[in-house]
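Structure at a glance
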Amino acid sequence: MNPSYIDQVVSFDEAPKPLGPFVTPPDRLLKGDPSQAIVNYVEELDGKFIAGLWESEPGKWKAVPGRREFCYIISGDVIISDVKGGQKRYKAGDSFMLPYGFDGYWEVLETCQKYYVILQD
């Protein structure tokens, strides 16, 4: 392992990057037509490890099961539910980790902004 130094620390706040458009694939979209945007601050391991900022208007879609995702909700209101009917609601200041293989849904109730860290296939 090579050493890292302070100039390699990634700050999401000190140097904000512009968000770019993000579109949920139609086969995963279940409700609404939310305008979404995203920016990766970190992209490593050939895109398998990413971290950044995402925002979305209200809507509902199928979660991506082939990943682990840590989320910190900056603003908004979301419900994360599974195919068995279980659900949890998260608002600004909440954080959670979706496990690998999560079989469920994202539903944005109020325009949401989150930080994410994802490890994916």
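Please refer to the structure higher up on the page.
A brief structural summary. What you are looking at is a predicted structure, and each value in this text was computed from that prediction instead of being measured.

Cut-offs applied
Residues numbered from 1 in each chain as written. Predicted model: local features only at pLDDT ≥ 70, side-chain atom pairs only at ≥ 80, totals over all residues. Heavy atoms only, no water. Salt bridge = Lys/Arg side-chain N within 4 Å of Asp/Glu carboxyl O. Helix = DSSP H or I, 4+ residues; strand = E, 2+ residues; numbered from the N terminus. Buried < 20%, exposed > 50% of the residue type's maximum accessible area, 1.4 Å probe, protein only. Core = buried A, V, L, I, M, F, W, Y, C linked by side-chain atoms within 4.5 Å. Contact = heavy atoms within 4.5 Å. Polar contact = N/O pair within 3.5 Å; in protein donor to acceptor, adjacent residues only side chain to side chain.

Overview of the pattern of salt bridges
On inspection of all chains with the given rule, the structure shows four salt bridges. Among the salt bridges present, the one from K31 reaches E107, with a minimum N-O distance of 2.6 Å. Taken as a pair, K31 in strand β2 (residues 29-31) and E107 in strand β9 (residues 104-120) lie far apart in primary sequence, 76 residues in all. Exposure remark for K31: the relative accessible area of 45% places this residue in the partly exposed category. For E107, a relative accessible area of 15% gives the class buried. In this structure, R89 and D77 form a salt bridge, with 2.6 Å as the shortest nitrogen-oxygen distance. Placement of R89 in strand β7 (residues 87-91) and of D77 in strand β6 (residues 67-82) is noted, with a sequence separation of 12 residues between them.

Remarks on the nonpolar core
Of all hydrophobic cores here, the largest spans 17 residues; its most connected members are V78, I80, F96 and W106. Of all the secondary structure elements, the ones that give two or more residues to this core are β4 (49-56), β6, β8 (95-98) and β9. It is β9 that provides the largest number of residues to this core, a total of five residues. If sequence neighbours within four positions are ignored, F96 has contacts with E69, F70, C71, I73, I80, Y90 and W106.

A closer look at the side chain of Q120
Among the secondary structure elements, Q120 is positioned in strand β9. There is a polar contact of 3.0 Å between the side chain of Q120 and the backbone oxygen of G47. Ignoring sequence-local partners within four residues, the contact set of Q120 consists of G47, K48, I50, G66 and R67.

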